[in-house]
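Residues per chain are reported as follows:
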Amino acid sequence: MEKNQKETMDQKQNGTFELEKQDQNGTMEQDEKAVGNFVQEPKINYRGWKAMPFIIGNETFEKLGAIGTLANLLIYLTSVFNMKNITAATLINIFNGTTNFGTMVGAYLCDTYFGRYKTLGFATITSFLGLQVIQLTAAMPSLHPPHCASESSTCKGPTAGQMAFLLSGFGLMIIGAGGVRPCNLAFGADQFNPKTESGKRGINSFFNWYFFTFTFAQMVSLTLIVYVQSNVSWAIGLEIPALLMLISCALFFMGSKIYVKVKATGSPMTSVAQVIVVAIKKRGLKQPEQPWLSLYNYIPPTSINSKLPYTDQFRFLDKAAVVIPEDQINTDGSPANPWRLCSMQQVEEVKCILRVLPIWVAAVFYHVIVVQQHTYSVFQAQQTDRRLGNTTFKIPAATYVVFMMVSMTLWIPIYDRIMVPFLQKLTGKEGGITMLQRMGIGIGISVITMLVSAFVEERRRTIALTKPAVGFQPRRGAISSMSGMFLVPQLALAGLAEAFTSIGQIEFYYKQFPENMRSIGGSIFYCGLAGSSYLTSLLITIVHKTTEGAATGNWLPEDLNKGRLDYFYYMIAGLEVLNFGYFLVCARWYKYKGIGPDTIEESGENAI
């Protein structure tokens, strides 16, 4: 042997051998386990950018497929399935909410049983099947209601069988998205070695590419695919996304041999449950003095989580780490029964999660404004003059949402290349401003967004009622002569708010959750979107029912000219003002992960 090493093998009762290689000083150089034939596990071969063409390609075509169908689904339900506006909007919001909540289930199954590779493979195939089912509802006349003439005031709705077939497609898409969304970012990051500088740079570049593909898919879907659906054929327009999803499946499996496939290691939520259960069991104990010194603090050698200092928030959880005579500790320092004694590290990890939740609630209320731009701004566009200049070409109503994507796309490089360096010099902070400050700016912009939306809608309605119409929207009403381009300011502001709040929010969850819970951190973002969708559905239902018999009339009727959508927007603006105040209080109280009670930087008053 080239080195003077001594190899010792101790056979355990279960037939497993432990191989220890020691150098001259007796220091352990390698400690690996082998079974039976002593074959050592190979080192992980990170392929990095070699795997990226398959992963980025899969991401791009998956998003083109999913967004290509979802972007125009509201118009599809109202024009092909003959649903009323409020019914279609409610169904879309419930579908989006359930899809986003499904990410939590997907993250749990991924971390506990299947791993990211198997979860993504299954979910991508399921998404393709869901898109194909929805396409069949357009291609086969027996799977959707009969066409409704434009002059008809009442139209035949879908039968129970037709709705069941449509909802089965939605169900498959929910299952697919529940597996794809919490795993795709983490799976791409798995391909780089996080312990090397080049690997860290690769991970950061992958995140940039991820958001680029998302925005690219949004823009293509909201323009080319939506145009085909609205002006050529729904059957062809819905088959295109299905075929794109099939390409996504093929690209994903083509790279199987070079992927790093991290195996499932069990759900990290078990540790969270242990802390809560033990804290409840020991609730009668006296609060410890100097807990940072007296609490039981054991960190497993295999833990990938960073060591956390003690924080004085949620002190009732500290009792889970108080050692009592009945508690038994193993010779290696680990607790004999983790359901009777937890470590201070475990307690602090749970505190990280609990501190995030109030911020998450503020994000739920913030995203209500984004939901409006994807639903009622489309209905606004339908009753505006959508002609492009003096031509006869009409911009599809759902395409206007692309201006939100354009705004976000243009602002991100400006913020990253110009604003951040300037703010770094001004504040001395790595990102220029803190993550919570970035989110707070976006929430503030959301208030302005809704005020502008209300003003534009008031103007659109006034023109529709006082000036000659340029057409008639079937089963809705007169088309206002106001140009649809007047919707661009509210959509651009919404995109600007997204660039601050949503991107800041994703970074916030990624950095503030414990390292072994980053799949959960990714899914909680989507759970926030789900909460916003359900909250919007609730608001629409309440407003619709309470204003139906009011003196002002129904705010949200089929014909927006007879309603007061502007009042609804003003109401949401008021809700966002309250949410902004709530967020400021939560941000001032928040302590960033790894910041102890004696540390001032980026905690308390410096958090925002």
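Structure's up top.
Description of the structure in this document. Along every chain, residues carry numbers that run from 1 in the direction the sequence is written. pLDDT decides what is reported in this predicted model: residues at 70 or higher carry local features, side-chain atom pairs at 80 or more are listed and counted, and totals for whole chains, interfaces and linings draw on all residues regardless. The basis for every side-chain value is the complete set of heavy atoms in the structure, and neither hydrogens nor water enter the calculation.

Observations regarding the overall build of the protein
Thinking step 1. Of the regular secondary structure elements, the protein holds 17 helices and five strands.
Thinking step 2. For each residue, the accessible area found with a 1.4 Å probe, counting protein chains only, is set against the maximum for its type, and the residue is called buried under 20%, exposed over 50%, and partly exposed in between. Of all 608 residues assigned to the protein, the portion counted as buried reaches 53%.
Thinking step 3. Accessibility throughout is a Shrake-Rupley quantity obtained with a 1.4 Å probe, and a residue counts as covered only by protein chains that appear here. Split by element, the accessible area of the protein, about 28300 Å² in all, is 62% carbon and sulfur. A helix here means a DSSP run of H or I that spans at least four residues, while a strand means a run of E at least two residues long, and both kinds are numbered starting from the N terminus.

Quick look at helix α16 (residues 518–547)
Thinking step 1. Here, expected helix span is obtained from the residue count minus one, scaled by 1.5 Å. Over its 30 residues, α16 runs 44 Å from end to end, which matches the ideal 44 Å to within 8%, given 1.5 Å per residue.
Thinking step 2. Within α16, 21 of the 30 residues are buried, leaving the element largely enclosed by the surrounding structure.

Concerning unusual backbone geometry
Thinking step 1. Despite not being glycine, N82 has its phi angle at roughly 55 degrees, a positive value.
Thinking step 2. One can find N82 in the loop between α2 (73–79) and α3 (85–139).
Thinking step 3. Residue classification places N82 among the buried positions, given a relative accessible area of 13%.
Thinking step 4. A positive phi angle, near 50 degrees, is found at F314, a position not held by glycine.
Thinking step 5. Along the chain, the position of F314 falls in the loop between α9 (291–294) and α10 (344–366).

As for the layout of surface pockets
Thinking step 1. A cavity, in this analysis, means grid points on a 1 Å lattice covering only the protein atoms where a 1.4 Å probe fits yet has no way out; a pocket is instead an open set bounded by protein on both sides within 12 Å along at least five of seven lines, and a residue lines either one if it has an atom within 4 Å of a point. Grid points are joined across faces, edges and corners, and a volume is the space filled by probe spheres set on the points. Considering only enclosed or pocket space, the second largest pocket measures out at about 650 Å³ in volume.
Thinking step 2. Of all the secondary structure elements, the ones that give two or more residues to the lining of the second largest pocket are α2 and α6 (197–232).
Thinking step 3. Residues of the lining of the second largest pocket, tallied by class, amount to 13 nonpolar, eleven polar and four charged. Polarity classes work like this: nonpolar for Ala, Val, Leu, Ile, Met, Phe, Trp, Tyr, Cys and Pro, charged for Asp, Glu, Lys and Arg, and polar for all others, with Gly in that last group.

Some details on empty space enclosed by the protein
Thinking step 1. Taken as a whole, this structure holds one cavity of 30 Å³ or more when the rule is applied.
Thinking step 2. Within this model, the largest cavity holds a volume of roughly 30 Å³.
Thinking step 3. For the largest cavity, the full set of lining residues is N58, E59, E62, L120, T124, V180 and N184.
Thinking step 4. Looking at the lining of the largest cavity, the elements with two or more residues in it are α1 (52–70) and α3.
Thinking step 5. If you tally residues by element for the lining of the largest cavity, the top one is α1, at three residues.
Thinking step 6. Across the lining of the largest cavity, the residue classes break down as two nonpolar, three polar and two charged.

With respect to the packing of α10 against α16
Thinking step 1. As a rule, the C-alpha atoms of each element are fitted with a line to give its axis, helices using only the stretch in contact, and angles between N-to-C directions run from 0 to 180 degrees. Running from amino to carboxyl end, α10 crosses α16 at an angle of 45 degrees, the nearest separation of the two axes being 8 Å. As summarised for this structure, α10 and α16 are arranged oblique, according to the angle between their axes. Pair α10 / α16 crosses with right-handed handedness. Side by side, α10 and α16 meet where L357, W360, A363, V364 and F365 of the first sit next to I524, C527, G528, G531, S532 and L535 of the second.
Thinking step 2. Among the residues forming the contact of α10 with α16, the class breakdown is eight nonpolar, three polar and no charged. For classification, angles of less than 35 degrees are called roughly parallel, those exceeding 145 degrees roughly antiparallel, those between 65 and 115 degrees roughly perpendicular, and all remaining angles oblique. Note: crossing handedness is left-handed where the near helix turns anticlockwise from the far helix by less than a right angle, and right-handed where it turns clockwise. The contact rule is simple, with two residues in contact once any of their heavy atoms fall within 4.5 Å.

Observations concerning the side chain of S523
Thinking step 1. Following the sequence through the fold, S523 ends up in helix α16.
Thinking step 2. Ignoring sequence-local partners within four residues, the contact set of S523 consists of T103, M104, A107 and P182.

None of the figures reported here should be taken as evidence of function without further support.
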